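A look at the structure
What follows is the residue order along each chain.
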Amino acid sequence: MKRKLIFFPFFFALYPVLGLYSRNLTEIQPWEVLRPVVIALVAALVVTWLFTRLLKDRERAAFLAAFLIFFYSASELAYRLIEGYFLHGLSESFHRMLLIVATLMLAFLGSRTVWDKYMTAMRRNLLVEYLNLVSIIMVVFPLYNIGTFWVQAADDTPQPWSSYVGQNEAPQSLARGGTPDIYYIILDGYGRADALSALYGYDNSPFLDGLKDRGFFIGEQSQSNYLRTSLSITSALNMEYVNFTADLAGAESTNRIPMFELASNNRARRLLEEAGYHFVLIDSGSAFTRFYDAEYFITPFKTRPNLFEMWFYSTTALGSLYEPELPITSALQEYLPVAGYATHRAFTVEALDQLSLVPEIAGPKLIFAHIIAPHPPFVLDEDGNALHPNYPYVTGDGASFVADKDLYKQGYIGQVKYLNTRLLAVIDDILEKSERPPVIILQGDHGPGLLIMDSDTPESCLWERASILNVYYFPESQTDLLYPSISPINSFRSIFNTYFGTSFELLPDQTYFSLFDLPYNFIEITDKVRVPCGMTEMQNQ
């Protein structure tokens, strides 16, 4: 008798990977998915083979292998759904209990006693046919979404987006010799002093005074050029507004993938590398600022999984071992960091630690550190003690923040205080250890999101979101090109003109809004965000 073809364990194993990718197509590069796909298929093969050898029963082995791999590959998602929609406030201990209960149930349903009693030969054949069909349907849907997206995105990049930068300006090169190290430190969501005072009741002047005492220039009226991290950082590094992306991809496009190349292969980096600089990246775990081709890629872990892998593994049973942290957590993190509060905290703390050590790298260098703080999630208090939020790991800000406004204010200011203390010490280390005085920029990519928790539209109060910390240390106080309202678009133009003999024209300081889902549908809001707003609403709450 011809043996029935059984392939559903492999498709059941593939679905969690493909499903996660299909829901995040606009932020995940395709190559990041390859390793999890291979791991899923190998796991399905090994587990099915082991069960078949152990049980001497192909159908029962395939059934157990398929559902075991499927559930363990998505158990964190199941926990999050239950916590988010039915039983709020559950901890990861519930996830571990869920794993035990589900495993026991599966073991019971797949036991020889149950199968011998209920699974006749005909029912076994029907079960295999049914699960084969279901598994095909399962993978068809994400594959269809993936294929449709890439067909629609096929003409978004007639050539790399970085090639469009600087087309309207005469080419320039940087003068070599005797040039300073450049530290470009992005503090994600760090707001301007007046916004912190008006909305949070927090006086940030001691920190700013500490910076002034060390020779920093404070952009007291600085606004971000864009309100989205990827657009803000990318435009600053390319020294140019990136509104041309709307012409390439279309204003209705959701495709952020070409932005990866535009961010990594940015103009500031290219000019500095041509002038003999090393590029040092301090890893933050952020999708858009993990420039894997950096000459020095400094990460807090012994391995370097890509962002999709960290997110995927966090949706599996592994997530139950990380939050709240168990004795095994730190050892696991070293080799298998997954997206979660513990990993996020490690990225933040280690980035600050590494900034103090970077001066030891020989030669001129551009150091880029994108620290995702004081932006949510709030994982550190003002003294640097670990916080353990009692809700599933999310990184959303504004309308995507999962707790209330009081918790936002408390958590945000706590991380501001922590950063302030650490940054002053880090700056002292950098200045002391550097062979010659470096250039240092501390800059928010955008402001905090308290006032957009209810609504994030062009009609919302966006003053807070556009108001950013923006401070500069220029050796020998050569700050002639700096001014109170300088925006990130002119940061590297000012540096290069001051220290590298270039003649870049400073651009108008403008601010553009676009929705998260429509990143290239730009609306200029420059004048609107210069006017403070939102204080009345906060006082009435």
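Residues numbered from 1 in each chain as written. Predicted model: local features only at pLDDT ≥ 70, side-chain atom pairs only at ≥ 80, totals over all residues. Heavy atoms only, no water.

Observations regarding the sheet that holds strand 1 (residues 182-187)
Formally: Any two strands with at least two DSSP-identified bridges between them are counted as paired. The helix and strand labels rest on DSSP assignments: H or I over at least four residues marks a helix, E over at least two residues marks a strand, and numbering proceeds from the N terminus. Should any heavy atoms of two residues lie within 4.5 Å, those residues are counted as being in contact. An axis is simply a line fitted to the C-alpha atoms; with a helix, the fit covers only the stretch in contact. Between two such axes, the angle follows the N-to-C directions and lies from 0 to 180 degrees.
One open sheet holds the seven strands; their spatial order is 2-7-6-1-5-3-4, and the pairing between them is mixed. Looking at strand neighbours, the two that pair on one side only are strand 2 (217-218) and strand 4 (296-298), the edges of this open sheet. Sheet topology note: the strand 1/strand 5 (residues 365-371) ladder contains six bridges and is parallel. Residue pairing in the sheet places Tyr 184 in a bridge with Phe 368 of strand 5. Of the strands in this sheet, strand 1, strand 5 and strand 6 (439-443) touch helix 9 (residues 229-238), which is tilted by about 165° from strand 5.

Some points on the packing of aromatic side chains
Put simply, the test is: Two aromatic rings from Phe, Tyr or Trp, using only the six-membered ring of Trp, form a pair when their centres are within 6.5 Å; if the ring planes differ by under 30 degrees the pair is stacked, by over 60 it is edge-to-face, and anything between is tilted. Should the NZ of a Lys or the CZ of an Arg lie within 6 Å of a ring centre and within 35 degrees of the ring normal, that charge is described as sitting over the ring.
Applying the stated criterion across every chain, the model contains 39 aromatic pairs. When the ring of Phe 63 is compared with that of Phe 67, the centres are 5.0 Å apart and the planes differ by 50°; the resulting orientation is tilted. In this pair, Phe 63 and Phe 67 both sit in helix 3 (residues 58-85), four residues apart, roughly one turn of the helix. The structure contains a cluster of three or more aromatic residues connected by ring pairs, namely Tyr 184, Tyr 277, Phe 279, Phe 291, Phe 368, Phe 492, Phe 496, Phe 500 and Phe 504. Between the NZ or CZ atom of Arg 304 and the centre of the ring of Phe 297, over which it lies, the distance is 4.3 Å.

Here we look at the nonpolar core
Note the following rule: Residues enter a nonpolar core if they are buried and are Ala, Val, Leu, Ile, Met, Phe, Trp, Tyr or Cys, with the set joined through side-chain atoms within 4.5 Å. Only protein chains enter the area calculation, which uses a 1.4 Å probe; residues under 20% of their type maximum are buried, those over 50% are exposed, and those in between are partly exposed.
Counting residues in hydrophobic clusters, the biggest one holds 56 residues, and the most contacted among them are Tyr 200, Phe 207, Leu 211, Leu 355 and Leu 442. Top contributing element to this core by residue count: helix 16 (residues 405-433), with 11 residues. Here Tyr 200 is in contact with Ala 195, Tyr 408, Lys 409, Tyr 412, Ile 413, Pro 448, Gly 449, Leu 450 and Glu 464, once residues within four sequence places are set aside. Listed in part, the 34 residues of the second largest apolar core include Leu 237, Ala 263, Ala 268 and Phe 496.

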